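Residue strings, one per chain:
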2 protein chains.
Amino acid sequence: MLEVERPIEVFLEILGRRGSFPILWALVRGPQRFSALQQETGLPPRTLSLRLKELEDFALVSRTAYPQVPPRVDYALTKKGEGLKGALEALLEWEKTL
Amino acid sequence: MLEVERPIEVFLEILGRRGSFPILWALVRGPQRFSALQQETGLPPRTLSLRLKELEDFALVSRTAYPQVPPRVDYALTKKGEGLKGALEALLEWEKTL
DNA sequence: CAGGATCCTGATCGATACTG
DNA sequence: CAGTATCGATCAGGATCCTG
C-alpha cells in the first residue's frame, strides 16, 4: 500500500475535529475576531486556537493582527476557503434530507 | 450556549475518522465485500470493522450477510448514503483546485 | 484581548493473534 | 471469510492559570 494520505482526507480529518465546521461556517458570514468566534462556537480558547492554526496551515483561513492595545485579530476565509462554501452548502443541504 | 451537536457535526466527525471517506467512496461504485474494502482501503480489520459499524449506525451503509460457508457479507450504500454522493463529489471537485 | 503553558483523562489507532 | 480480543502508543480535548 504505502500510500500517502490524500489532501482531502487530511482536510476531512481537520473538518471532523471539534469546532471546525462552526468556525468555517461563521467565517462565511465575514471576518470575525477571536472573541466573537469564541462566543459563537463555545470553544475553550485553547481548542479554538488550535483549530484556527490548523485551518491557517491548510490555507483556508487568514489571520490579521492589528498592532494596538488591546490587541485585535481578525480571522477570515481565504480564496481557497471561499471555494469550500459550495461543498459545505451541499453538506448542509444533505443534512436537511435526514 | 448549551447546544446539542448538530447531526452534520456528528457526521463530519465520523467522516473525519480513518478510512471513512475511502470506504464511502468505494461503495459509491457499488456493493463490496469486507475483504474487498480491506484491500482498497488498506485498513486493518479492526478499524474497518469499527468504521463500517459507525456508518451503519448512521444509516449510511447497510450490511447483508449470506448464510454460507465460508461467510459472505456485502456492504452497500443506503438511500441516505447515496444522497451523500453529491456532497462527496463537491469535496473532490474542490480538492482539485488546491 | 488573544492566546500560550500545563496537566490530565478518555478516545482512537495500529499490530498481532485468534475464532465461528 | 469476516470479523473479535487484547495491548500499547499516540492523540484530542477540557479545565485552569498565566501573560504580552
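Located above this text is the structure these notes cover.
Residues numbered from 1 in each chain as written. Chains lettered and ligands numbered in written order. Predicted model: local features only at pLDDT ≥ 70, side-chain atom pairs only at ≥ 80, totals over all residues. Heavy atoms only, no water.

J.: Help me get a handle on the nonpolar core, residues and values and all.
T.: Of all hydrophobic cores here, the largest spans 54 residues; its most connected members are Phe11 and Val61 of chain A together with Phe11 of chain B. Excluding anything up to four places from it in sequence, Phe11 of chain B contacts Leu91 and Trp94 of chain A together with Phe58, Leu60 and Leu84 of chain B. (Core = buried A, V, L, I, M, F, W, Y, C linked by side-chain atoms within 4.5 Å. Buried < 20%, exposed > 50% of the residue type's maximum accessible area, 1.4 Å probe, protein only. Contact = heavy atoms within 4.5 Å.)

J.: Tell me about the protein's contact with DNA strand C, and please be specific about residues and values.
T.: Around DNA strand C there are 19 residues in total, and Arg63 and Tyr75 of chain A together with Arg17, Arg46 and Thr47 of chain B lie nearest to it. Looking at DNA strand C alone, sugar and phosphate atoms form 69% of those within 4 Å of the protein. Arg63 of chain A has a polar side-chain atom sitting 2.3 Å from a phosphate oxygen of DNA strand C. At 2.6 Å, a side-chain N or O of Thr47 of chain B approaches a phosphate oxygen of DNA strand C. Mapped by element, the contributors of at least two residues to the surface near DNA strand C are α3 (34-41), α4 (45-57) and β3 (72-77) of chain A together with α4 (45-57) of chain B. Top element by residues in the surface near DNA strand C is α4 of chain A. It accounts for 4 residues. (Near = heavy atom within 4 Å. Polar contact = N/O pair within 3.5 Å; in protein donor to acceptor, adjacent residues only side chain to side chain. Helix = DSSP H or I, 4+ residues; strand = E, 2+ residues; numbered from the N terminus.)

J.: So, the packing of aromatic side chains: which residues are in play, and what are the values?
T.: Under the definition given, this model contains 6 aromatic pairs over all chains. Note on Phe21 of chain B and Trp25 of chain B: the rings are 6.1 Å apart at their centroids and 5° apart in plane angle, and the pair reads as stacked. With Phe21 of chain B and Trp25 of chain B both in helix α2 (residues 20-28) and 4 residues apart, this pair spans about one turn of that helix. Following the ring pairs from residue to residue traces out a cluster consisting of Phe11 and Phe58 of chain A together with Trp94 of chain B. The positively charged end of Lys80 of chain A is found above the aromatic ring belonging to Phe58 of chain A, 4.9 Å away from the centroid. (Phe/Tyr/Trp six-rings, centres within 6.5 Å; stacked < 30°, edge-to-face > 60°. Lys NZ or Arg CZ within 6 Å of the ring centre and 35° of its normal.)

J.: Let's hear about α4 of chain A: which residues, and what values?
T.: Residue and element names in this part refer to chain A. In this model, α4 (13 residues) spans 18 Å end to end at C-alpha, consistent with the 18 Å of a helix rising 1.5 Å per residue. Taken residue by residue, α4 has Thr47, Leu48, Arg51, Leu52, Glu54 and Leu55 as its buried positions. In an axial view of α4, the angular spread of the buried residues amounts to 160°, which keeps them on one side of the axis. Structural note: α4 exposes Arg46 and Asp57 on the side pointing more than 90 degrees away from its buried face. Those residues of α4 that are buried are in contact with α1 (7-15), α2 (20-28), α3, β2 (61-66) and β3. (Expected span 1.5 Å × (residues − 1). Arc of directions from axis to C-beta.)

J.: Explain the relation of the copies chain A and chain B residue by residue, including any values.
T.: For these two chains of identical sequence, chain A goes onto chain B by a turn of 180° and a shift of 0.0 Å along the axis, with RMSD 0.1 Å. Here the transformation between the copies is reduced to the relation of a two-fold axis. For chain A, the residue whose C-alpha comes nearest the rotation axis is Gly16 of chain A, separated from it by 2.3 Å. The residues that chain A uses at the interface reappear at the interface of chain B in 97% of cases, marking a shared surface. (Least-squares fit on C-alpha atoms with pLDDT ≥ 70 in both.)

J.: A description of helix α6 (residues 85-96) of chain B should follow, citing residues and the corresponding values.
T.: With 12 residues, α6 of chain B should reach 16 Å at 1.5 Å per residue; the first-to-last C-alpha distance of 17 Å fits that figure. When α6 of chain B is considered as a whole, its buried residues turn out to be Ala87, Leu88, Leu91, Leu92, Trp94 and Glu95 of chain B. Seen end-on, α6 of chain B carries its buried residues on one side only, within an arc spanning 160°. In this fold, the buried residues of α6 of chain B make contact with α1, α5 (79-82) and α6 (85-96) of chain A together with α2 of chain B.

J.: Lay out the sheet that holds strand β1 (residues 32-33) of chain A with the relevant residues and their values.
T.: All names here are of chain A. With antiparallel pairing, the 3 strands of this open sheet are ordered in space as β1-β3-β2. The sheet terminates laterally at β1 and β2, the two strands that pair on one side only. Pairing geometry for β1 and β3, over 2 bridges, is antiparallel. Paired with Gln32 across the strands is Tyr75, a residue of β3. (Pairing = 2+ DSSP bridges.)

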